[in-house]
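So the chains spell out like this:
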Amino acid sequence: MKDYLQTQLRHVLDDLGDVPDDFDVSLEAPAREEHGDLATNTALRLGSILEDNPRSIAETVAEKLRERVDPTRIKSVEVAGPGFINFRFAQDYLFEGLADLLAEGETFGHSDGGAGQSALVEYVSANPTGPLTVGHGRNAVLGDTIANLLEWTGYDVTREYYFNDAGRQMRVLAQSVRARYEAIVSEDAATKTITLDDDTTVEVPASFPEDGYLGEYIVDIAEQVYDEHGASLLTTESLGPFQEAAEAAIFAEIEGTLQRLNIEMDSYANEQELHDDGLVQDVIDGLTEAGLTYEENGALWLKTTEFGKEQDTVLVKQSGEPTYRTPDIAYHKTKFERGFDLMIDVFGADHHAAYPDVLNAIDVLGYDKEKVNVVLYQFVTLVRGDEPVKMSTRRANYVTLDDLIDQVGEDVTRFFFLMRSPDTHLNFDLELAQEESEKNPVFYLQYAHARICSVIDKAEEVGFSYDEDADLSLLTHEDEIALMKELLRFPRALQNAADARAPHFVPNYLRDVATAFSQFYDNCQIIGEEDDLAIARMHLALAAKTVLKNGLTVLGISAPRSM
RNA sequence: GCGCUCGUAGCUCAGUCGGACAGAGCAUCGGUUUCCGGUACCGAAGGCCGGGGGUUCGAAUCCUCCCGAGCGCACCA
């Protein structure tokens, strides 16, 4: 409908003459009911261009539009206020839309803006050094939902998890496991005391690395290693078996956590392969050929000052080991070489200083960095009552994503992370989430869905059934009209959310749907009305159920038949 | 010091391309049930959109300065 009006409007403006060809014809849904179903500010904006009174331009344009427009689609074209042109839909248009919605069923909401294009969404990407934290949860759920949204708008989507398994972090992890293992093998081994950031101290084996991982899970992994190998690893120098055991155990746990949230990756990419395949070296060579590197103090630097940064950045350390940035660039290069049309990275706010380097390097290496889209989200602050909860992967006292899911459930976890803009800091009060989870908006949506299921079941019990020839034109009550309009906005809502990479549009929209349904439900009976009307209303209820179900599906949240 | 994000009702937050009187949930107060799920619905109250200046017919939205919060500014990831 929007497209249709845009086209008609464009034709009228062409006839008018003097309107620049690149003039952007925009239509929007007005905030207020009395301003119609769609409105355009065209005349207002033409006022200064044509040096004429906006109001009289609007009158002229509206007059011409009335002659052009199909009356079975548009009921009225009116000029209002300082020069807005307001459109009102013909009711037949709504009835046709409703019939289409019902016919489409569980695919209603799909659009084809991304058809024929492939997208790679990279998310989670936590290094396997410990269980996923609440912060990772926001990343995971955002990325997964953006991937869903892109699928619904026609993209062929690949979900990918990238991790660094070649650097210092994993080495420290392996050393931590080894130290615990050694303590298991020889029970009277020496210990030492480590002082943490918050001045508390902890007793660890003497060989434990200074910045080692203190979580209990490290001890568990060490015990597994011991069960498998006995004391035989004590004599080997290699950290390999310890790193492998740790990586496997931790990854298994991470995958389990993701599965609980309905998240399944299509592929995993890791840093080690980039080294093995020589791709990291290729990047270093490429950047050097471009004249953007130099050596100093035994390290290789990237001239990030040429991109407007205050200082240059190290690509390869004195030790000969690349910083994480270098394989990151190589990784992004592989994304381009796999031919994706769109690449989305989901990062926490702490990465915002680093990714421009990657994009600039990609640009220098001859790729179109505009195809990479970074979604940055602000941190999750976890509080328990008034007590802030620390989230350090090192320390043992952080709350894991699994803990959170245990406490509030999968649906609430996903919904909570999705209902707010990625740009805002998320205050997650565990106490509140547990005690008052009944008040969480997700229950409002699920309740509306369950209620519809129940109503439809009841209608079927008394003999009504789905009939594609149902006379939908009987739906003329204001709450029926309002609900239909709300439901038909669904594909557009998904498209907007996908385009803006803004999953939170969807929960907001679904709340409006649930409210519109509840109002309809309150004022329009089904059972007890005359058959034709009852059947028409049953179809409208079914349509509302479809939209709620599809919307919740996009969010990765269940739509229960009963609660 | 520099950069990024944010500042909207008592609280948590929406506000899509700059549009018409600034929106929702929670909390507070009041009302609604002979009827399909009351975990619902309706209403009231609550605002200098952090502050100043600017652009515009029109600014919560864009520009600029200031104030405040979070996060960065590593040969850690």
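Some words on the protein's contact with RNA strand B
Thought 1: In the vicinity of RNA strand B lie 61 residues, with Arg32, Asn164, Arg420, Tyr444 and Gln519 positioned nearest.
Thought 2: Of all atoms in RNA strand B that approach within 4 Å of the protein, 57% are sugar or phosphate atoms.
Thought 3: In this structure, asparagine 127 approaches RNA strand B through a side-chain N or O atom, which is 2.9 Å from a sugar or linking oxygen.
Thought 4: Here glutamine 378 contributes a side-chain N or O atom positioned 3.4 Å from a sugar or linking oxygen of RNA strand B.
Thought 5: Of the residues belonging to the surface near RNA strand B, the class tally is 20 nonpolar, 25 polar and 16 charged.

Some words on the sheet that holds strand β12 (residues 313-316)
Thought 1: Strand order in this open sheet of three strands is β10-β11-β12, and the pairing throughout is antiparallel. The open sheet has two free edges, formed respectively by β10 (293-296) and β12, since each of these has just one partner strand. With direction set aside, neighbouring strand axes in the sheet form an average angle of 45°.

Focus: helix α5 (residues 134-152)
Thought 1: Under the 1.5 Å per step criterion, the end-to-end length of α5 is 27 Å for 19 residues, consistent within 8% with the ideal 27 Å.
Thought 2: Once α5 finishes, glycine 154 follows within two positions and takes phi at roughly 105°, a positive value.

Section: the packing of helix α17 (residues 478-488) against helix α20 (residues 531-555)
Thought 1: With their axes 10 Å apart at the nearest point, α17 and α20 run at an angle of 35° to one another. The hand of the α17/α20 crossing is left-handed. In this structure, α17 contributes Glu480, Leu483, Met484 and Leu487 to the contact, and α20 contributes Leu533, Arg537, Leu540, Ala543, Ala544 and Val547.

Description of the pattern of salt bridges
Thought 1: If you walk through the whole model with that rule in mind, you get 21 salt bridges.
Thought 2: The salt bridge involving arginine 260 is made with aspartate 402; its shortest N-O contact spans 2.8 Å. With arginine 260 in helix α8 (residues 240-260) and aspartate 402 in helix α13 (residues 401-408), this pair connects stretches of sequence that are 142 residues apart.
Thought 3: For arginine 260, a relative accessible area of 30% corresponds to the partly exposed category.
Thought 4: When the shortest N-O distance is used, the salt bridge between arginine 537 and glutamate 529 registers 3.6 Å.
Thought 5: Bridged by salt links that share partners, the residues Asp144, Glu151, Arg159 and Arg414 form one connected network.

Points about the environment of valine 69
Thought 1: Positionally, valine 69 belongs in the loop between α3 (54-68) and β3 (74-80).
Thought 2: Owing to a relative accessible area of 8%, valine 69 belongs among the buried residues under this scheme.
Thought 3: With 60 residues separating them in the primary sequence, valine 69 and leucine 9 have C-alpha atoms 9.5 Å apart.
Thought 4: In contact with valine 69, other than residues within four places in its own chain, are Tyr4, Leu5, Gln8 and Ile74.

Basis of the calculations
Residues numbered from 1 in each chain as written. Chains lettered and ligands numbered in written order. Predicted model: local features only at pLDDT ≥ 70, side-chain atom pairs only at ≥ 80, totals over all residues. Heavy atoms only, no water. Near = heavy atom within 4 Å. Polar contact = N/O pair within 3.5 Å; in protein donor to acceptor, adjacent residues only side chain to side chain. Nonpolar A, V, L, I, M, F, W, Y, C, P; charged D, E, K, R; others polar. Pairing = 2+ DSSP bridges. Helix = DSSP H or I, 4+ residues; strand = E, 2+ residues; numbered from the N terminus. Axes fitted to C-alpha atoms, helices over the stretch in contact; angles between N-to-C directions. Expected span 1.5 Å × (residues − 1). Left-handed = near helix turned anticlockwise from the far one by under 90°. Contact = heavy atoms within 4.5 Å. Salt bridge = Lys/Arg side-chain N within 4 Å of Asp/Glu carboxyl O. Buried < 20%, exposed > 50% of the residue type's maximum accessible area, 1.4 Å probe, protein only.

Such coordinate-based values are descriptive only and should not be taken to indicate function.
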